[in-house]
Every structure is written in C-alpha cells, then in structure tokens.
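Okay, here's what each chain looks like letter by letter:
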Amino acid sequence: MANKFELYINTPDRVFYQGEVNMVELATTEGEIGIYADHIPLTAVLMPCTLEIHEDGENKKAAVHGGIVEVLPDKVVVLAEIAEWPDEIDVNRANEARIRAERRIASHEDGINMMRAELALKRSLARLGAVD
Amino acid sequence: MASMRDIKRRRDSIQSTGQITKAMKLVSTVKLQKAKGKAENTRPYSDLMYSTVCNILAKSDNVDHKYLRASESKKKAIIVITANRGLAGGYNSNITKLITDNPEISKDDAVIFAVGRKGKELLERKGYKIAADYSEVINEPMYTDAREICDEVLKLFSEGEIGEIHLAYTSFKNTVVHNPKLIQLLPVDPDISSDADDDIPMNYEPNEEEALDMIIPKYMCSLIYGALIESVASENGARMQAMDNATSNAEEMIADLSLKFNRARQGAITQELTEIIGGANAIE
C-alpha cells in the first residue's frame, strides 16, 4: 500500500476533514497540484477549487473557496475560508451563479467587477465540480 | 424594629429580583453552551493559522515586508471587543481597563475600533477617539464581519495612517476562567518563536512576499474571528457567574428578612397577648 499522510482541512466554523489519505488534489494560485506523502515543504495560497481526497481507492470531493495550504512531509494543513461537501451544495444556485458570472465576463466590464465576476465563476465551478 | 409591612414589602421585591436574575442565569447558560461549542470549533483553525504563520516567519527571518516593518506613524489602532449589554460582572470594565491602565497607550494616539456598545461608551466617556463602531456584529459574529473589520484596519495601516494594530478581547479558557487579553496584530512580532525544531527549508507559491501579502490578512482575519467568538462565550460565562452570585445573594437576603419578619410577627403576637392579659387583669 502506498504511503499515507495526515490531512487536516479546517474552516473558521468547523473541523472539516481529518484523516489519513493517499493523495490530495487542489488548486493554488500557480496551478493545480496533487500531493502525495513526502512532498517537499510548501506553503501556497489556495484558489477556489474542487478539492479531491484519495483515500484507499475511495475518492471524496469537496469545494473549497480560498485559503492557504501548508505542506509538510508527514502532514498537509488546509486552512480554507469556506469548505463544502457535495451534499451541502445547492446545484441550481451554483449553476445560476456560473451563468451570471459568465454573462458578466462576456459583457467586458472593467476594473473590480471583472475580478469579482471571475472569482464568482471560479467559486461556482468549484461547487459544480464537487457535485459531479 | 421595622414594621411587619415594611419587611414584607422588601422581601417581596428582593424575591422578584431574584427571579429575574435566576431567569437571566438560565438564559446565559443556554447561550454559553452554544457559544462554547462554536468557540471549540473555531479554535483549531485559529491555532493552526497561528502556528503556520509563526512557522513561516521563523523560517524566513530576513524578509522585508510591509506588514512586518514598524511604521512611522505613532497612532495605534485598537480593536476592542466587549458586549452590547451589561450585567456581566467585570466583563466590560476589565477590557477597557486593559486600555486605560496601559502606560504604552496614550489617549491621543489611540484609535478605537469598537465592537460592543458597552466598551465604546466607557471609552468615549474617557475621551478616547472612536473611529468605527461595529456593535451589531457581537450579537452573532460571522467570518465576513471579521473580514470587514480586518480590511478596514489594514487599509489604514497600508496608507500609513496607523502604525500598530492591537486587539483587546476576552479569551475563553473554560466556563469559569476567562482572561482579558491585549495582543499586537501588526506589525507581526518577528520574535515569535516557533515550536518547529526542524530546519526544513520552506518553499512558497507564489514567491515569499506575495504569499505573505495574502496570508497575513487571512491570519489577522482568523485571529479577529477567533477573538469575536471567544468573547461571546466569555460574555455569557461572565453573565452566568454574575447572575448566579446575584441569585444566591438574593436568597441570603430573603432568608435574613424572613427571620426578621417572623420575629416581628412573634413580637406583635406577644405584645397583643400581654395587652389582652393586662386588660383582663384590670377588669377583675
């Protein structure tokens, strides 16, 4: 069996996940990464993304929205501002948010609205990705 | 000796006060249970965030970052977390005392960001400058509230309006122990020692500076949120204790007054009897 490491996912309101896992996939500001045990130490800033936990052939998905991740050889700490399991996500709402954000981006408004729309799109995609 | 009627009136009034304090104690107990659960859920996040940031700072000693440098401005922003309501023993005044009795904080340099009406009123009366009032927040603190406060003070800090950011709150140890605390948020104390005894070099994504740019506001946010949640728990704990004391004081007074009342009644009966006997003797 492959090496395992401790994964902690915490949000301000609760301990979201804690356990031994084989691999975790998530997206940082620099791109998507997969983390196995004995990864080099790394501190990175999380983007809104679908986080995937691989645990003994079983996969769990969750949506996380922003935060930081600290990778140490034997453990990974994810400090997310919001984290949701698929059954906590309202699919229709996420879909509507995605359409709204896409329209806003298509209309080419400038400045802060654009950034906001892009973030909203990322969040809705993270949610939808977790549900699929 | 006071008349029977006076004693009875006094006893009744204390009894109804006792009923109120008892009810308030029960309400606080329920609220405390809720707030305590919330505080326990939040603590791992704040603790991990704190140790992560300590780790980062310990492993990058020579980073020159705007959040780590002492600013030229002498002004100090203080986020003061108190309650909106009183009747909680020394809960509110303990926090304000932290500020008024601190020799390092002068009245002219302090800029208060008040969370909780009681603290705001107490400090306003003493002549401190209140920059903002977030009293609504303390009823039901949310993470977005913490972020709002955080953004506001960080903006002032990066504009150079203020040189230091402090946070005054009541930390919640357990139901009976809560300590008022004043901590410095920014600039982050570079001497924070880390428990990590390993010397693994840390990698950053993106680079160190940009990572700190994003991590430090999150770190502050989580500390402020943790402080809000713990303060709510402490407030209810303090009120529960205060009301418990008030109820037992009321019971003591009632017992004392009951004794006095019974004595007065017995005295009145004895007096009446002697009068009747005296009257009967006079007739014979």
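Draft legend 1. Broad picture of the overall build of chain B. In terms of helices and strands, chain B carries five helices and six strands. Start at the N end of chain B and walk to the C end: the helices and strands fall as α-β-α-β-α-β-α-β-β-β-α. For 284 residues, the compact-globule formula gives about 19 Å, and the C-alpha radius of gyration of chain B, at 28 Å, lies well above that figure. Over its C-alpha atoms, taken along the principal directions, chain B stretches across nearly 115 × 40 × 30 Å. Here chain B holds 284 residues, and 33% of them are scored as buried. A fraction of 78% describes how many contacts in chain B between residues 6 or more apart in sequence connect residues 24 or more apart.

Draft legend 2. Spotlight on the domain arrangement of chain A. Residue and element names in this part refer to chain A. As far as domains go, chain A holds domain 1 (5–84) and domain 2 (90–131). Its C-alpha centre places domain 1 at a distance of 23 Å from the equivalent point of domain 2. In this assembly, ten residues from domain 1 lie in contact with seven residues from domain 2. Those elements giving two or more residues to the side of domain 1 that touches domain 2 turn out to be strand 6 (49–55) and strand 7 (58–64). Sort the elements by how many residues they give to the side of domain 1 that touches domain 2 and strand 7 lands first, with four residues. Each residue belonging to the side of domain 1 that touches domain 2 can be placed in one class, and the counts come to six nonpolar, two polar and two charged.

Draft legend 3. A look at the packing of helix 2 (residues 91–100) of chain B against helix 3 (residues 117–125) of chain B. Residues and elements named next belong to chain B. Where helix 2 meets helix 3, the closest approach of the two axes is 9 Å, and the angle between their N-to-C directions is 45°. In this view, helix 2 runs oblique relative to helix 3, as classed from their interaxial angle. Here helix 2 and helix 3 pass one another in a crossing that is right-handed. For the pair helix 2 and helix 3, contact is made by Asn-92, Ser-93, Ile-95, Thr-96 and Ile-99 and by Lys-118, Gly-119, Leu-122 and Leu-123, respectively. The residue makeup of the contact of helix 2 with helix 3, split by class, is four nonpolar, four polar and one charged.

Draft legend 4. Region of interest: the pairing of strand 1 (residues 5–11) of chain A. All names here are of chain A. Counting buried positions along strand 1 yields five of seven residues, so the element is predominantly enclosed. Strand direction decides the pairing type here: strand 1 and strand 2 (residues 14–21), joined by seven bridges, are antiparallel. Paired with Asn-10 across the bridge in strand 2 is Val-15. Where strand 1 folds back on strand 2, the antiparallel hairpin that results is connected by two residues.

Draft legend 5. How the structure looks around the nonpolar core. One finds Val-64 of chain A together with Ile-79, Val-80, Ile-224 and Leu-228 of chain B to be the most contacted residues of the largest nonpolar core, which totals 93 residues. Per-element tally for this core: the top contributor is helix 5 (residues 208–283) of chain B, with 19 residues. Beyond its immediate chain neighbours, meaning those up to four positions away, Ile-224 of chain B contacts Ile-79, Ala-146, Ile-149, Cys-150 and Leu-167 of chain B.

Draft legend 6. Molecular detail of the confidence of the model for chain A. With 95% of its residues at a pLDDT of 70 or more, chain A shows a mean pLDDT of 85. Looking across chain A, the model is least confident in helix 2 (residues 112–131) of chain A, with a mean pLDDT of 82, and most confident in strand 1 of chain A, with 90.

Draft legend 7. Looking closely at the interface of chain B and chain A. Every contact between the two is made by 22 residues of chain B and, on the other side, 21 residues of chain A. At the level of elements, helix 1 (4–59), strand 6 (203–205) and helix 5 of chain B are the ones that each hand at least two residues to the side of chain B that touches chain A. Looking at the side of chain B that touches chain A element by element, the count peaks at eight residues for helix 1 of chain B. Tallied by class, the residues present in the side of chain B that touches chain A amount to 15 nonpolar, five polar and two charged. As judged from the three bridges shared by strand 5 (residues 42–46) of chain A and strand 6 of chain B, these two strands associate in the parallel manner. Paired with Thr-43 of chain A across the bridge in strand 6 of chain B is Tyr-204 of chain B.

Draft legend 8. Representation of unusual backbone geometry in the model. The backbone phi angle of Asp-38 of chain A is positive, close to 60°, even though this residue is not glycine. Along the chain, the position of Asp-38 of chain A falls in the loop between strand 4 (31–35) and strand 5. With 9 C-beta atoms counted inside 10 Å, the residue Asp-38 of chain A sits in the exposed group. Phi angles above zero are rare outside glycine, and Leu-87 of chain B is one such case at about 55°. Tracing the backbone through its elements, the reader meets Leu-87 of chain B in the loop between strand 1 (76–81) and helix 2. For Leu-87 of chain B, a count of 16 C-beta atoms within 10 Å gives the class partly exposed.

Draft legend 9. The sheet that holds strand 1 of chain B, seen in detail. All names here are of chain B. Spatially, 3-2-1-4-5 is the arrangement adopted by the five strands of the open sheet, whose pairing is mixed. The open sheet terminates on both sides in strands that have one partner only, identified here as strand 3 (129–133) and strand 5 (178–186). Averaged over all pairs of adjacent strands, the angle between strand axes in this sheet comes to 25°, irrespective of strand direction. Looking at chain direction, strand 2 (residues 110–115) and strand 3 are connected through four bridges and run parallel. If you follow Ala-114 over to strand 3, its bridge partner there is Asp-133.

Draft legend 10. Highlighting the pairing of strand 9 (residues 75–80) of chain A. Residues and elements named next belong to chain A. Of all six residues that make up strand 9, five are buried, and the element is covered over most of its length. Bridge analysis of strand 1 against strand 9 gives five bridges, and the strand direction is parallel. Among the inter-strand pairings, Leu-7 is bridged to a residue of strand 9, identified as Val-76. Sheet topology note: the strand 8 (residues 67–71)/strand 9 ladder contains five bridges and is antiparallel. Bridged to Val-71 within strand 9 is Val-76. In sequence, strand 8 turns back onto strand 9 through a hairpin of three residues.

What counts and how
- Residues numbered from 1 in each chain as written.
- Chains lettered and ligands numbered in written order.
- Predicted model: local features only at pLDDT ≥ 70, side-chain atom pairs only at ≥ 80, totals over all residues.
- Helix = DSSP H or I, 4+ residues; strand = E, 2+ residues; numbered from the N terminus.
- Rg over C-alpha atoms; globule rule 2.2 N^0.38 Å.
- Buried ≥ 20, exposed ≤ 12 C-beta atoms within 10 Å, placed from the backbone.
- Contact = placed C-beta atoms within 7 Å.
- Domains from an automatic or database assignment.
- Nonpolar A, V, L, I, M, F, W, Y, C, P; charged D, E, K, R; others polar.
- Axes fitted to C-alpha atoms, helices over the stretch in contact; angles between N-to-C directions.
- Parallel < 35°, antiparallel > 145°, perpendicular 65-115°, else oblique.
- Left-handed = near helix turned anticlockwise from the far one by under 90°.
- Pairing = 2+ DSSP bridges.
- Core = buried A, V, L, I, M, F, W, Y, C linked by C-beta atoms within 7 Å.
- pLDDT = per-residue confidence, 0-100.

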